[in-house]
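Breakdown of the fold
The residues making up each chain are set out below.
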Amino acid sequence: MTVLQLIFLLTAAVILGSAAMVVTAKNLVHAALWLIVTLFGAAVLFAILNAGFIAVIQVVVYIGAIAILFIFAVMLTRREMLDRGPQLNRGWWLSAIIAVIVFGGLAWLLQGWDGLTKTAPALSSGFDSLEALSRALVSPDAYVLPFEVASVLLLAALVGAVYIAFQRKGEE
Amino acid sequence: MDFWSNPIQAAGDWLSGIFVGWGMEADAAHVLTAFIGILLLITVVMVLDIFLVWLERKIVARFQDRIGPNRLGPFGLIQPFADIIKLIIKENIYPVGVDKAIFNLAPIIMMMSVLLLWAVLPLTSFLGLDLNVGVLYLIGVGALGTLSIIMAGWASNNKYALLGAFRQVAVMISYEIPMVVALLIPTILAGSMGINSIVAAQSTWYIVLAPLAFVLFLICATAELGRAPFDLTEAESELIAGHHIEYSGMKFGLFYASELLHTFTFGGFIAAFFFGGWRGPWVDQIPLLGLLYFLVKAVIGYWIFGWIKYTFPRIRIDKMMDLNWKFLVPFSFALLVYVALTNALLRETSFYAWGMFLSNILFGWVTLEILRRRARGERVKVETAQKPGF
(Lines give C-alpha, C1' and ligand atoms only; values in the text may rest on other atoms or scores of the structure.)
Protein backbone atom coordinates (compact mmCIF):
# COMPACT_ATOMS: atom_id res chain seq x y z
CA MET A 1 0.00 0.00 0.00
CA THR A 2 1.43 3.37 -0.96
CA VAL A 3 1.37 6.49 1.20
CA LEU A 4 -1.13 8.08 -1.18
CA GLN A 5 -3.57 5.21 -0.68
CA LEU A 6 -3.14 5.52 3.09
CA ILE A 7 -3.95 9.25 2.92
CA PHE A 8 -6.95 8.49 0.72
CA LEU A 9 -8.30 5.87 3.14
CA LEU A 10 -7.87 8.20 6.13
CA THR A 11 -9.61 11.05 4.28
CA ALA A 12 -12.44 8.78 3.19
CA ALA A 13 -12.94 7.57 6.76
CA VAL A 14 -13.05 11.17 8.03
CA ILE A 15 -15.54 12.18 5.31
CA LEU A 16 -17.88 9.25 6.02
CA GLY A 17 -17.67 9.65 9.79
CA SER A 18 -18.31 13.39 9.73
CA ALA A 19 -21.12 12.98 7.19
CA ALA A 20 -22.80 10.54 9.58
CA MET A 21 -22.32 13.08 12.38
CA VAL A 22 -23.97 15.82 10.25
CA VAL A 23 -27.14 13.74 10.14
CA THR A 24 -27.10 12.46 13.71
CA ALA A 25 -25.83 15.47 15.69
CA LYS A 26 -28.59 16.83 17.95
CA ASN A 27 -27.19 20.36 18.06
CA LEU A 28 -27.71 22.21 14.76
CA VAL A 29 -24.55 24.28 15.05
CA HIS A 30 -22.56 21.11 15.68
CA ALA A 31 -24.14 19.59 12.56
CA ALA A 32 -23.02 22.63 10.54
CA LEU A 33 -19.48 22.32 11.90
CA TRP A 34 -19.37 18.61 11.04
CA LEU A 35 -20.51 19.56 7.54
CA ILE A 36 -17.44 21.79 7.30
CA VAL A 37 -15.24 18.80 8.18
CA THR A 38 -16.91 16.83 5.38
CA LEU A 39 -16.39 19.63 2.86
CA PHE A 40 -12.76 19.97 3.92
CA GLY A 41 -12.29 16.25 3.36
CA ALA A 42 -13.66 16.66 -0.17
CA ALA A 43 -11.09 19.42 -0.74
CA VAL A 44 -8.34 17.04 0.39
CA LEU A 45 -9.61 14.45 -2.11
CA PHE A 46 -9.40 17.03 -4.93
CA ALA A 47 -5.85 17.88 -3.84
CA ILE A 48 -4.90 14.18 -3.95
CA LEU A 49 -6.22 14.05 -7.52
CA ASN A 50 -3.85 16.90 -8.56
CA ALA A 51 -6.81 19.29 -8.92
CA GLY A 52 -5.32 22.02 -6.73
CA PHE A 53 -7.50 24.79 -8.15
CA ILE A 54 -10.74 22.95 -7.45
CA ALA A 55 -9.50 22.04 -3.95
CA VAL A 56 -8.82 25.68 -3.09
CA ILE A 57 -12.11 26.83 -4.64
CA GLN A 58 -13.89 24.17 -2.57
CA VAL A 59 -12.44 25.72 0.59
CA VAL A 60 -13.06 29.35 -0.46
CA VAL A 61 -16.64 28.87 -1.64
CA TYR A 62 -18.00 26.06 0.51
CA ILE A 63 -16.22 26.71 3.81
CA GLY A 64 -15.56 30.43 3.43
CA ALA A 65 -19.01 31.40 2.23
CA ILE A 66 -21.70 28.73 2.21
CA ALA A 67 -20.91 26.98 5.51
CA ILE A 68 -20.55 30.30 7.30
CA LEU A 69 -23.93 31.42 5.92
CA PHE A 70 -25.39 28.12 7.19
CA ILE A 71 -24.07 28.86 10.68
CA PHE A 72 -25.42 32.41 10.48
CA ALA A 73 -28.85 31.18 9.44
CA VAL A 74 -28.95 28.60 12.24
CA MET A 75 -27.85 31.14 14.83
CA LEU A 76 -30.26 33.85 13.72
CA THR A 77 -33.40 31.78 13.17
CA ARG A 78 -33.42 29.59 16.30
CA ARG A 79 -34.63 30.96 19.60
CA GLU A 80 -32.98 28.12 21.42
CA MET A 81 -29.56 27.21 20.13
CA LEU A 82 -30.37 23.56 20.85
CA ASP A 83 -32.97 21.67 18.88
CA ARG A 84 -34.75 19.21 21.16
CA GLY A 85 -37.41 17.96 18.76
CA PRO A 86 -37.45 14.45 17.27
CA GLN A 87 -34.85 13.90 14.56
CA LEU A 88 -37.04 11.69 12.37
CA ASN A 89 -40.34 12.58 10.73
CA ARG A 90 -43.11 10.30 9.43
CA GLY A 91 -41.60 9.81 5.99
CA TRP A 92 -38.33 8.34 7.24
CA TRP A 93 -38.94 4.85 5.79
CA LEU A 94 -39.53 6.30 2.33
CA SER A 95 -36.21 8.13 2.28
CA ALA A 96 -34.48 5.05 3.69
CA ILE A 97 -35.81 2.98 0.76
CA ILE A 98 -34.70 5.61 -1.76
CA ALA A 99 -31.23 5.79 -0.18
CA VAL A 100 -30.85 2.00 -0.33
CA ILE A 101 -31.99 1.93 -3.98
CA VAL A 102 -29.58 4.70 -4.99
CA PHE A 103 -26.70 3.03 -3.13
CA GLY A 104 -27.48 -0.33 -4.71
CA GLY A 105 -27.71 1.20 -8.18
CA LEU A 106 -24.39 2.99 -7.83
CA ALA A 107 -22.71 -0.15 -6.49
CA TRP A 108 -24.13 -2.17 -9.41
CA LEU A 109 -22.90 0.44 -11.91
CA LEU A 110 -19.44 0.61 -10.40
CA GLN A 111 -19.07 -3.19 -10.33
CA GLY A 112 -18.12 -3.38 -13.97
CA TRP A 113 -15.87 -0.31 -13.91
CA ASP A 114 -12.14 -1.06 -14.02
CA GLY A 115 -11.06 2.39 -12.72
CA LEU A 116 -11.18 1.18 -9.12
CA THR A 117 -8.12 -1.02 -9.44
CA LYS A 118 -6.13 0.97 -12.02
CA THR A 119 -3.34 3.32 -10.95
CA ALA A 120 -3.67 6.94 -12.06
CA PRO A 121 -1.71 7.79 -15.23
CA ALA A 122 1.26 10.03 -14.48
CA LEU A 123 0.90 13.67 -15.51
CA SER A 124 3.39 14.94 -18.06
CA SER A 125 5.98 17.17 -16.40
CA GLY A 126 5.18 20.87 -16.61
CA PHE A 127 1.44 20.19 -16.93
CA ASP A 128 -0.44 23.12 -15.41
CA SER A 129 -4.01 22.07 -14.64
CA LEU A 130 -5.01 25.66 -13.91
CA GLU A 131 -3.85 26.86 -17.33
CA ALA A 132 -5.57 23.94 -19.05
CA LEU A 133 -8.79 24.71 -17.20
CA SER A 134 -8.71 28.42 -18.02
CA ARG A 135 -8.03 27.73 -21.70
CA ALA A 136 -10.93 25.25 -21.79
CA LEU A 137 -13.30 27.76 -20.18
CA VAL A 138 -12.78 30.43 -22.83
CA SER A 139 -12.06 28.44 -25.99
CA PRO A 140 -15.01 28.26 -28.44
CA ASP A 141 -14.64 24.53 -29.13
CA ALA A 142 -14.69 23.67 -25.41
CA TYR A 143 -16.84 25.19 -22.66
CA VAL A 144 -17.27 28.88 -23.55
CA LEU A 145 -21.05 28.59 -24.07
CA PRO A 146 -21.90 26.82 -20.76
CA PHE A 147 -19.51 29.19 -18.99
CA GLU A 148 -21.24 32.30 -20.36
CA VAL A 149 -24.72 30.87 -19.75
CA ALA A 150 -23.81 30.20 -16.11
CA SER A 151 -22.47 33.76 -15.81
CA VAL A 152 -25.72 35.20 -17.19
CA LEU A 153 -27.71 33.03 -14.77
CA LEU A 154 -25.69 34.32 -11.81
CA LEU A 155 -26.08 37.90 -13.03
CA ALA A 156 -29.85 37.42 -13.29
CA ALA A 157 -29.95 36.05 -9.73
CA LEU A 158 -27.93 39.06 -8.55
CA VAL A 159 -30.24 41.56 -10.28
CA GLY A 160 -33.29 39.74 -8.88
CA ALA A 161 -31.93 39.85 -5.34
CA VAL A 162 -31.18 43.57 -5.64
CA TYR A 163 -34.69 44.23 -7.04
CA ILE A 164 -36.40 42.37 -4.17
CA ALA A 165 -34.32 44.07 -1.48
CA PHE A 166 -34.38 47.52 -3.07
CA GLN A 167 -36.24 50.28 -1.22
CA ARG A 168 -37.61 53.05 -3.36
CA LYS A 169 -37.42 56.60 -2.05
CA GLY A 170 -40.23 57.37 0.37
CA GLU A 171 -41.17 53.72 0.73
CA GLU A 172 -40.66 52.34 4.22
CA MET B 1 23.95 19.93 -6.45
CA ASP B 2 25.90 22.62 -4.62
CA PHE B 3 24.94 22.57 -0.92
CA TRP B 4 24.66 26.32 -0.39
CA SER B 5 22.41 26.96 -3.38
CA ASN B 6 19.63 24.97 -1.69
CA PRO B 7 20.60 23.76 1.80
CA ILE B 8 17.05 22.71 2.73
CA GLN B 9 16.75 20.40 -0.28
CA ALA B 10 20.20 18.93 0.45
CA ALA B 11 19.36 18.35 4.13
CA GLY B 12 16.02 16.78 3.17
CA ASP B 13 17.68 14.43 0.65
CA TRP B 14 20.29 13.47 3.26
CA LEU B 15 17.62 12.73 5.88
CA SER B 16 15.40 10.66 3.57
CA GLY B 17 18.56 8.83 2.44
CA ILE B 18 19.12 7.80 6.07
CA PHE B 19 15.49 6.65 6.40
CA VAL B 20 15.77 4.58 3.21
CA GLY B 21 19.00 3.10 4.62
CA TRP B 22 16.99 1.91 7.61
CA GLY B 23 14.80 -0.10 5.24
CA MET B 24 11.93 2.36 4.69
CA GLU B 25 10.16 2.73 1.34
CA ALA B 26 11.31 5.71 -0.73
CA ASP B 27 8.03 7.66 -0.80
CA ALA B 28 7.26 6.91 2.87
CA ALA B 29 10.69 8.33 3.75
CA HIS B 30 9.87 11.36 1.62
CA VAL B 31 6.60 11.98 3.49
CA LEU B 32 8.31 11.54 6.87
CA THR B 33 11.05 14.02 5.90
CA ALA B 34 8.39 16.50 4.78
CA PHE B 35 6.64 16.16 8.16
CA ILE B 36 9.92 16.80 10.00
CA GLY B 37 10.45 19.87 7.81
CA ILE B 38 6.95 21.17 8.61
CA LEU B 39 7.57 20.64 12.34
CA LEU B 40 10.86 22.56 12.13
CA LEU B 41 9.28 25.46 10.23
CA ILE B 42 6.41 25.69 12.74
CA THR B 43 8.86 25.67 15.66
CA VAL B 44 10.90 28.46 14.13
CA VAL B 45 7.75 30.48 13.41
CA MET B 46 6.43 30.05 16.95
CA VAL B 47 9.74 31.19 18.45
CA LEU B 48 9.63 34.18 16.10
CA ASP B 49 6.12 34.84 17.42
CA ILE B 50 7.49 35.19 20.98
CA PHE B 51 9.76 38.00 19.83
CA LEU B 52 6.90 39.60 17.88
CA VAL B 53 5.15 40.22 21.22
CA TRP B 54 8.22 42.13 22.37
CA LEU B 55 8.45 44.00 19.06
CA GLU B 56 4.76 44.96 19.17
CA ARG B 57 5.10 46.33 22.69
CA LYS B 58 8.20 48.31 21.74
CA ILE B 59 6.44 49.76 18.66
CA VAL B 60 3.35 50.84 20.61
CA ALA B 61 5.60 52.34 23.30
CA ARG B 62 7.39 54.45 20.67
CA PHE B 63 4.10 55.74 19.28
CA GLN B 64 2.81 56.60 22.74
CA ASP B 65 6.07 58.27 23.82
CA ARG B 66 6.96 55.59 26.36
CA ILE B 67 9.93 53.23 26.69
CA GLY B 68 8.12 49.89 26.73
CA PRO B 69 9.39 46.70 28.39
CA ASN B 70 12.92 47.34 29.69
CA ARG B 71 13.31 45.49 33.00
CA LEU B 72 13.97 41.84 32.12
CA GLY B 73 17.10 41.17 30.11
CA PRO B 74 18.75 43.52 27.61
CA PHE B 75 16.10 45.87 26.10
CA GLY B 76 13.45 43.81 27.95
CA LEU B 77 13.95 40.87 25.61
CA ILE B 78 13.14 38.30 28.33
CA GLN B 79 9.76 39.98 29.05
CA PRO B 80 7.71 37.83 26.60
CA PHE B 81 9.01 34.63 28.24
CA ALA B 82 7.83 35.91 31.61
CA ASP B 83 4.46 36.65 30.02
CA ILE B 84 4.24 33.12 28.64
CA ILE B 85 4.98 31.57 32.06
CA LYS B 86 2.29 33.79 33.55
CA LEU B 87 -0.25 32.78 30.88
CA ILE B 88 0.49 29.06 31.26
CA ILE B 89 0.09 28.94 35.04
CA LYS B 90 -3.15 30.96 35.02
CA GLU B 91 -6.41 29.26 35.94
CA ASN B 92 -8.30 27.72 33.04
CA ILE B 93 -11.82 29.12 33.35
CA TYR B 94 -14.92 27.70 31.67
CA PRO B 95 -17.91 30.04 32.07
CA VAL B 96 -21.37 28.55 32.57
CA GLY B 97 -22.94 27.21 29.38
CA VAL B 98 -19.89 27.08 27.12
CA ASP B 99 -19.74 24.45 24.43
CA LYS B 100 -16.48 22.90 25.64
CA ALA B 101 -15.29 21.12 22.50
CA ILE B 102 -15.82 24.12 20.22
CA PHE B 103 -14.57 26.54 22.89
CA ASN B 104 -11.26 24.66 23.05
CA LEU B 105 -11.02 24.10 19.30
CA ALA B 106 -11.44 27.76 18.28
CA PRO B 107 -8.00 29.12 19.37
CA ILE B 108 -6.29 26.09 17.82
CA ILE B 109 -7.97 26.63 14.43
CA MET B 110 -7.13 30.33 14.66
CA MET B 111 -3.43 29.55 15.11
CA MET B 112 -3.63 26.87 12.40
CA SER B 113 -5.10 29.28 9.87
CA VAL B 114 -2.06 31.52 10.35
CA LEU B 115 0.51 28.73 10.28
CA LEU B 116 -0.99 27.33 7.05
CA LEU B 117 -0.13 30.62 5.35
CA TRP B 118 3.57 29.93 5.89
CA ALA B 119 3.35 27.04 3.42
CA VAL B 120 3.22 29.49 0.50
CA LEU B 121 5.21 32.37 1.99
CA PRO B 122 8.26 32.75 -0.31
CA LEU B 123 11.05 33.01 2.30
CA THR B 124 13.80 32.57 -0.29
CA SER B 125 13.97 31.42 -3.91
CA PHE B 126 13.90 27.77 -2.76
CA LEU B 127 11.83 27.93 0.46
CA GLY B 128 8.08 28.24 0.20
CA LEU B 129 5.85 26.17 -2.02
CA ASP B 130 5.21 27.71 -5.45
CA LEU B 131 1.57 26.56 -5.57
CA ASN B 132 0.00 27.43 -8.91
CA VAL B 133 -3.06 28.73 -7.01
CA GLY B 134 -1.06 30.49 -4.27
CA VAL B 135 -3.10 33.70 -4.32
CA LEU B 136 -6.39 31.83 -3.93
CA TYR B 137 -4.86 29.65 -1.22
CA LEU B 138 -4.23 32.83 0.76
CA ILE B 139 -7.95 33.67 0.62
CA GLY B 140 -9.05 30.10 1.35
CA VAL B 141 -6.95 29.88 4.49
CA GLY B 142 -8.40 33.23 5.58
CA ALA B 143 -11.80 31.51 5.56
CA LEU B 144 -10.57 29.17 8.31
CA GLY B 145 -9.71 32.20 10.45
CA THR B 146 -13.26 33.51 9.98
CA LEU B 147 -14.58 30.12 11.02
CA SER B 148 -12.53 30.08 14.21
CA ILE B 149 -13.83 33.51 15.19
CA ILE B 150 -17.44 32.50 14.74
CA MET B 151 -16.77 29.29 16.71
CA ALA B 152 -15.21 31.25 19.57
CA GLY B 153 -18.03 33.78 19.58
CA TRP B 154 -20.77 31.19 19.60
CA ALA B 155 -19.22 28.72 22.04
CA SER B 156 -18.52 31.39 24.68
CA ASN B 157 -22.24 31.78 25.48
CA ASN B 158 -21.78 35.54 25.77
CA LYS B 159 -23.71 38.24 23.90
CA TYR B 160 -20.70 40.50 23.47
CA ALA B 161 -18.63 37.64 22.10
CA LEU B 162 -21.35 36.71 19.60
CA LEU B 163 -21.82 40.33 18.50
CA GLY B 164 -18.07 40.70 17.99
CA ALA B 165 -17.96 37.50 15.98
CA PHE B 166 -20.90 38.61 13.76
CA ARG B 167 -19.20 41.91 13.06
CA GLN B 168 -15.88 40.33 12.27
CA VAL B 169 -17.42 37.78 9.91
CA ALA B 170 -19.38 40.48 8.09
CA VAL B 171 -16.19 42.51 7.72
CA MET B 172 -14.10 39.59 6.55
CA ILE B 173 -16.61 38.38 3.97
CA SER B 174 -16.99 41.89 2.49
CA TYR B 175 -13.32 42.92 2.48
CA GLU B 176 -12.35 39.64 0.83
CA ILE B 177 -13.74 40.93 -2.49
CA PRO B 178 -11.46 43.99 -2.99
CA MET B 179 -8.59 41.94 -1.55
CA VAL B 180 -8.92 39.23 -4.18
CA VAL B 181 -9.08 41.90 -6.88
CA ALA B 182 -6.05 43.71 -5.45
CA LEU B 183 -4.13 40.43 -5.54
CA LEU B 184 -5.21 39.80 -9.14
CA ILE B 185 -3.16 42.82 -10.21
CA PRO B 186 0.26 41.33 -9.28
CA THR B 187 -1.06 38.10 -10.84
CA ILE B 188 -1.72 39.90 -14.12
CA LEU B 189 1.64 41.66 -14.05
CA ALA B 190 3.57 38.45 -13.31
CA GLY B 191 1.42 36.13 -15.42
CA SER B 192 1.27 33.55 -12.62
CA MET B 193 -0.69 32.84 -9.44
CA GLY B 194 2.25 31.20 -7.67
CA ILE B 195 3.60 33.60 -5.06
CA ASN B 196 7.22 32.59 -5.61
CA SER B 197 6.82 33.13 -9.38
CA ILE B 198 5.35 36.56 -8.66
CA VAL B 199 8.47 37.41 -6.65
CA ALA B 200 10.73 35.98 -9.35
CA ALA B 201 9.00 38.14 -12.00
CA GLN B 202 9.60 41.41 -10.12
CA SER B 203 12.62 42.83 -11.90
CA THR B 204 10.89 46.14 -11.11
CA TRP B 205 9.12 46.11 -7.75
CA TYR B 206 5.34 46.12 -8.15
CA ILE B 207 5.07 49.05 -5.74
CA VAL B 208 6.34 51.05 -8.75
CA LEU B 209 4.16 49.33 -11.35
CA ALA B 210 0.97 49.23 -9.24
CA PRO B 211 1.08 51.60 -6.25
CA LEU B 212 -2.73 51.80 -6.07
CA ALA B 213 -3.03 48.02 -5.79
CA PHE B 214 -0.61 48.22 -2.87
CA VAL B 215 -2.77 50.79 -1.07
CA LEU B 216 -5.89 48.72 -1.76
CA PHE B 217 -4.24 45.55 -0.45
CA LEU B 218 -2.99 47.38 2.65
CA ILE B 219 -6.51 48.59 3.52
CA CYS B 220 -8.10 45.19 2.94
CA ALA B 221 -5.36 43.36 4.83
CA THR B 222 -5.84 45.66 7.82
CA ALA B 223 -9.56 44.81 7.77
CA GLU B 224 -8.86 41.10 7.33
CA LEU B 225 -6.46 41.16 10.29
CA GLY B 226 -9.04 42.94 12.44
CA ARG B 227 -6.58 45.59 13.55
CA ALA B 228 -7.27 49.27 14.21
CA PRO B 229 -8.84 51.30 12.61
CA PHE B 230 -10.91 48.22 11.68
CA ASP B 231 -10.78 46.39 15.04
CA LEU B 232 -14.57 46.47 15.49
CA THR B 233 -14.59 42.90 16.62
CA GLU B 234 -12.76 43.91 19.79
CA ALA B 235 -13.97 47.51 20.15
CA GLU B 236 -13.16 47.84 23.84
CA SER B 237 -15.58 50.68 24.46
CA GLU B 238 -18.57 48.78 23.02
CA LEU B 239 -17.85 45.05 23.20
CA ILE B 240 -15.14 44.84 25.89
CA ALA B 241 -13.06 42.32 23.93
CA GLY B 242 -15.27 40.70 21.31
CA HIS B 243 -14.84 37.05 20.48
CA HIS B 244 -12.10 36.31 23.05
CA ILE B 245 -13.88 37.92 26.01
CA GLU B 246 -14.36 34.63 27.89
CA TYR B 247 -10.93 33.16 27.21
CA SER B 248 -8.27 33.05 29.91
CA GLY B 249 -4.70 31.86 30.24
CA MET B 250 -2.92 30.32 27.29
CA LYS B 251 -6.09 30.07 25.19
CA PHE B 252 -6.30 33.85 25.19
CA GLY B 253 -2.55 33.79 24.58
CA LEU B 254 -3.10 31.77 21.41
CA PHE B 255 -5.56 34.36 20.07
CA TYR B 256 -3.14 37.16 20.89
CA ALA B 257 -0.14 35.34 19.43
CA SER B 258 -2.00 34.38 16.26
CA GLU B 259 -3.08 38.00 15.72
CA LEU B 260 0.54 39.17 15.91
CA LEU B 261 1.82 36.33 13.74
CA HIS B 262 -0.98 36.96 11.22
CA THR B 263 0.11 40.58 11.00
CA PHE B 264 3.74 39.60 10.48
CA THR B 265 2.69 37.06 7.83
CA PHE B 266 0.75 39.73 5.98
CA GLY B 267 3.80 41.99 6.25
CA GLY B 268 5.61 39.17 4.49
CA PHE B 269 2.94 38.95 1.79
CA ILE B 270 3.14 42.70 1.22
CA ALA B 271 6.91 42.29 0.84
CA ALA B 272 6.41 39.39 -1.57
CA PHE B 273 3.72 41.01 -3.72
CA PHE B 274 4.91 44.60 -3.86
CA PHE B 275 8.49 44.93 -2.53
CA GLY B 276 10.29 42.20 -4.42
CA GLY B 277 10.26 39.56 -1.63
CA TRP B 278 13.67 37.90 -1.41
CA ARG B 279 15.12 39.91 -4.31
CA GLY B 280 18.08 42.15 -3.56
CA PRO B 281 21.73 42.68 -4.47
CA TRP B 282 23.97 39.54 -4.77
CA VAL B 283 21.03 37.23 -4.20
CA ASP B 284 21.89 35.33 -7.41
CA GLN B 285 25.30 34.37 -6.05
CA ILE B 286 24.26 33.62 -2.45
CA PRO B 287 20.57 32.49 -2.40
CA LEU B 288 20.51 32.37 1.42
CA LEU B 289 20.89 36.16 1.46
CA GLY B 290 17.30 36.24 0.18
CA LEU B 291 16.05 35.06 3.58
CA LEU B 292 17.63 38.10 5.24
CA TYR B 293 16.17 40.52 2.66
CA PHE B 294 12.75 38.94 3.03
CA LEU B 295 12.74 39.10 6.83
CA VAL B 296 13.87 42.74 6.81
CA LYS B 297 11.08 43.66 4.36
CA ALA B 298 8.54 41.66 6.38
CA VAL B 299 9.49 43.47 9.60
CA ILE B 300 9.07 46.79 7.75
CA GLY B 301 5.61 45.59 6.68
CA TYR B 302 4.84 44.65 10.30
CA TRP B 303 5.95 48.11 11.40
CA ILE B 304 3.64 49.73 8.81
CA PHE B 305 0.69 47.77 10.28
CA GLY B 306 1.71 48.94 13.76
CA TRP B 307 2.00 52.51 12.49
CA ILE B 308 -1.55 52.36 11.11
CA LYS B 309 -2.92 50.69 14.24
CA TYR B 310 -1.58 53.25 16.70
CA THR B 311 -2.30 56.33 14.56
CA PHE B 312 -5.90 56.04 13.35
CA PRO B 313 -9.03 56.11 15.54
CA ARG B 314 -11.58 53.32 15.19
CA ILE B 315 -14.20 53.61 12.41
CA ARG B 316 -17.92 53.00 13.04
CA ILE B 317 -19.23 49.70 11.64
CA ASP B 318 -21.69 51.23 9.12
CA LYS B 319 -19.06 53.68 7.84
CA MET B 320 -16.72 50.76 7.40
CA MET B 321 -19.24 48.81 5.34
CA ASP B 322 -19.97 51.96 3.29
CA LEU B 323 -16.27 52.34 2.59
CA ASN B 324 -16.08 48.77 1.34
CA TRP B 325 -19.24 48.37 -0.73
CA LYS B 326 -19.63 51.92 -2.06
CA PHE B 327 -16.00 52.77 -2.69
CA LEU B 328 -13.46 49.93 -2.52
CA VAL B 329 -15.37 47.31 -4.52
CA PRO B 330 -16.17 49.49 -7.57
CA PHE B 331 -12.74 51.13 -7.33
CA SER B 332 -10.99 47.75 -7.29
CA PHE B 333 -12.87 46.51 -10.37
CA ALA B 334 -12.14 49.69 -12.31
CA LEU B 335 -8.49 49.54 -11.26
CA LEU B 336 -8.19 45.92 -12.35
CA VAL B 337 -9.49 46.68 -15.85
CA TYR B 338 -7.31 49.82 -16.09
CA VAL B 339 -4.10 48.07 -15.00
CA ALA B 340 -4.74 45.13 -17.32
CA LEU B 341 -5.19 47.56 -20.25
CA THR B 342 -2.16 49.76 -19.50
CA ASN B 343 -0.06 46.65 -18.88
CA ALA B 344 -0.99 45.24 -22.27
CA LEU B 345 -0.34 48.59 -24.01
CA LEU B 346 2.95 49.51 -22.32
CA ARG B 347 4.58 46.10 -21.80
CA GLU B 348 6.74 46.18 -24.94
CA THR B 349 7.71 49.85 -24.73
CA SER B 350 10.96 51.23 -23.25
CA PHE B 351 9.16 53.42 -20.68
CA TYR B 352 7.19 50.48 -19.14
CA ALA B 353 7.95 51.17 -15.45
CA TRP B 354 7.54 54.95 -15.71
CA GLY B 355 4.41 54.63 -17.82
CA MET B 356 2.76 52.26 -15.37
CA PHE B 357 3.67 54.44 -12.38
CA LEU B 358 2.41 57.67 -13.95
CA SER B 359 -0.78 56.08 -15.27
CA ASN B 360 -1.50 54.78 -11.75
CA ILE B 361 -0.93 58.24 -10.30
CA LEU B 362 -3.31 59.67 -12.91
CA PHE B 363 -5.96 57.08 -11.98
CA GLY B 364 -5.58 57.89 -8.29
CA TRP B 365 -5.83 61.63 -8.95
CA VAL B 366 -9.01 61.23 -11.04
CA THR B 367 -10.56 59.08 -8.27
CA LEU B 368 -9.73 61.66 -5.62
CA GLU B 369 -11.14 64.46 -7.81
CA ILE B 370 -14.44 62.57 -8.32
CA LEU B 371 -14.69 61.89 -4.58
CA ARG B 372 -13.98 65.57 -3.79
CA ARG B 373 -16.71 66.76 -6.20
CA ARG B 374 -19.25 64.38 -4.66
CA ALA B 375 -18.35 65.33 -1.09
CA ARG B 376 -18.59 69.03 -1.97
CA GLY B 377 -21.98 68.50 -3.58
CA GLU B 378 -23.32 66.72 -0.52
CA ARG B 379 -21.96 69.38 1.79
CA VAL B 380 -23.66 72.14 -0.22
CA LYS B 381 -26.92 70.19 -0.10
CA VAL B 382 -26.75 69.85 3.70
CA GLU B 383 -25.83 73.50 4.16
CA THR B 384 -28.67 74.84 1.98
CA ALA B 385 -31.15 72.55 3.77
CA GLN B 386 -30.04 73.88 7.16
CA LYS B 387 -30.32 77.57 6.35
CA PRO B 388 -33.80 78.73 7.42
CA GLY B 389 -33.95 81.78 5.10
CA PHE B 390 -33.75 79.87 1.82
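Preceding block: the structure.
Residues numbered from 1 in each chain as written. Chains lettered and ligands numbered in written order. Predicted model: local features only at pLDDT ≥ 70, side-chain atom pairs only at ≥ 80, totals over all residues.

1. A few points about the overall build of chain A
In terms of helices and strands, chain A carries six helices and zero strands. N-terminal to C-terminal, the α/β element order of chain A is α-α-α-α-α-α. (Helix = DSSP H or I, 4+ residues; strand = E, 2+ residues; numbered from the N terminus.)

2. Remarks on the overall build of chain B
Within chain B, the secondary structure is distributed over 14 helices and zero strands. Walking chain B from its N terminus toward its C terminus, one meets helices and strands in the order α-α-α-α-α-α-α-α-α-α-α-α-α-α. Taking 21 Å as the expected radius of gyration for a compact globule of 390 residues, we find that chain B reaches 23 Å, a close match to that expectation. Sorting the 390 residues of chain B into buried and exposed places 39% on the buried side. (Rg over C-alpha atoms; globule rule 2.2 N^0.38 Å. Buried ≥ 20, exposed ≤ 12 C-beta atoms within 10 Å, placed from the backbone.)

3. A few points about the interface of chain B and chain A
Of the residues lining the interface, 18 residues belong to chain B; the matching set on chain A comes to 17 residues. Of all the elements, helix α5 (residues 134–155) of chain B adds the most residues to the side of chain B that touches chain A, at nine residues. Looking at the side of chain B that touches chain A residue by residue, the class counts come to 14 nonpolar, three polar and one charged. (Contact = placed C-beta atoms within 7 Å. Nonpolar A, V, L, I, M, F, W, Y, C, P; charged D, E, K, R; others polar.)

4. With respect to unusual backbone geometry
Leave glycine aside and you will find that most residues have negative phi; peptide bonds, for their part, are mostly trans. Residue and element names in this part refer to chain B. Phi at Phe 75 takes a positive value of approximately 55°, unusual for a residue other than glycine. For Phe 75, the location among the structural elements is in the loop between α2 (26–63) and α3 (79–88). Classification of Phe 75 as partly exposed rests on a count of 13 C-beta atoms within 10 Å. Backbone geometry places Asn 157, a non-glycine residue, at a positive phi of 55°. By the element assignment, Asn 157 lies in the loop between α5 and α6 (159–190). Take Asn 157: there are 17 C-beta atoms within 10 Å of it, and that puts it in the partly exposed class.

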